[in-house]
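Listed here are the chains, written in short residue letters.
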Amino acid sequence: MPIVVNIDVMMARRKMSAGELAERVGITPANLSILKNNKAKAVRFSTLEALCRALDCTPGDLLEYRDE
Amino acid sequence: MKLSNDKSLLLSRVCVWMFALILAALVVGAPWIWPFVLHRTGIVQLYVTVTYLSAVPAGVVLFCLHRLLASAAAADVFTDANVARLRAVSWCLAAAALVYAGGGFFDWYLFVLAAAAAFAALIVRVLKNVLAEAVELKRENDYTI
């Protein structure tokens, strides 16, 4: 899929662990792992909003389009 | 009368086992059963042959139905394995239809069975297509975070 989720980059910038982010966003570590590994088929706006709030960033910082 | 899901599943499983027993009895007793049922001696050999040829797909169908019901009991229905089972059932019914159609050239009653088996194959094929789409939808839903 040409949409890449750059959560790990933002997590590194904010020095936040996966467990802490999952807790702040309100998703399970397993689902966060699916997002991090680009296995997700879709992201809900509510999840994106919670991620942006927790990582203090915009959706553009998290999502990237790469032409394959 | 509306059965609960569990009772309905149990009824289906009992029916599958009953049909398996009937199939086993037919396979073992075909040379004796058909002369008793049919009163035209000329076609007994045909019916015995058709029974043996269609017993294999019938056995596969019953096994697949058994596995499908087991997965339904385990609440694990939307899987690729179940799609493959329905596909196998559909092809087995088509194979049985071919066998009956072949026999129909010698006794036209078998054409009726062939038509019924072909129609059942079509129904199962449509169900397989629907289940395949449902599996894809579930996968998408599971991976929506």
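Residue indices begin from 1 for each chain and proceed along its sequence in written order. Whichever chain is written first becomes A and whichever ligand is written first becomes 1, with later ones labelled in order. Note on the predicted model: pLDDT of at least 70 is required for a residue's local features to be given, and 80 or more for side-chain atom pairs to be given and counted; whole-chain, interface and lining totals, by contrast, use all residues. Water and hydrogen atoms were dropped before computing side-chain values, which therefore reflect all heavy atoms in the structure.

Some remarks on the interface of chain A and chain B
Here is step 1 of the chain: Opposite the 11 residues of chain A that make contact, chain B presents 6 residues.
Here is step 2 of the chain: Computed with a 1.4 Å rolling probe, the buried area is the accessible surface lost when two parts are put together, summed over both parts. The junction of chain A with chain B conceals about 760 Å² of combined surface from both sides, 65% of it contributed by carbon and sulfur atoms.
Here is step 3 of the chain: Contact with chain B buries surface across chain A, with A:Lys41, A:Ala42 and A:Arg44 losing the most and accounting together for 61% of the total.
Here is step 4 of the chain: Any carboxyl oxygen of Asp or Glu within 4 Å of a side-chain nitrogen of Lys or Arg constitutes a salt bridge here. Close ionic contact of A:Lys41 with B:Glu136 constitutes a salt bridge, the shortest N to O distance being 4.0 Å. Here, two residues are considered to be in contact whenever any of their heavy atoms come within 4.5 Å of each other.

A look at the pattern of salt bridges
Here is step 1 of the chain: Overall, the coordinates contain 7 salt bridges over all chains when judged by the stated rule.
Here is step 2 of the chain: Between B:Lys138 and B:Asp142 there is a salt bridge, and its shortest N-O distance comes to 2.8 Å. Of this pair, B:Lys138 and B:Asp142 are both found in helix H4 (residues 109-142), 4 residues apart, which corresponds to roughly one turn of the helix.
Here is step 3 of the chain: Per-residue accessibility, obtained with a 1.4 Å probe over protein chains only, is compared with the maximum for each type, and a residue is labelled buried under 20%, exposed over 50%, and partly exposed between these values. For B:Asp142, a relative accessible area of 40% gives the class partly exposed.
Here is step 4 of the chain: One salt-bridge network, in which partners are shared between bridges, spans A:Lys41, B:Asp80, B:Glu136 and B:Arg139. In DSSP terms, a helix is any run of H or I states spanning at least four residues, a strand is any run of E spanning at least two, and both are numbered starting from the N terminus.

Notes on the packing of aromatic side chains
Two descriptors summarise a pair of aromatic rings, namely the distance from one centre to the other and the angle between the planes of the rings.
Residues and elements named next belong to chain B.
Here is step 1 of the chain: Put simply, two rings from Phe, Tyr or Trp (the six-membered ring, in Trp's case) pair if the centres are within 6.5 Å, and we call them stacked under 30 degrees between planes, edge-to-face over 60, tilted for the rest. All told, the structure shown has 3 aromatic pairs over all chains when counted by the stated rule.
Here is step 2 of the chain: Ring geometry for Phe-105 versus Phe-111: centroids 5.4 Å apart, planes at 80°, classification edge-to-face.
Here is step 3 of the chain: Here the aromatic rings of Trp-108 and Tyr-109 are separated by 4.7 Å at their centres, their planes lie at 25°, and the arrangement is stacked.
Here is step 4 of the chain: By relative accessible area, which is 46% here, Tyr-109 ends up partly exposed.

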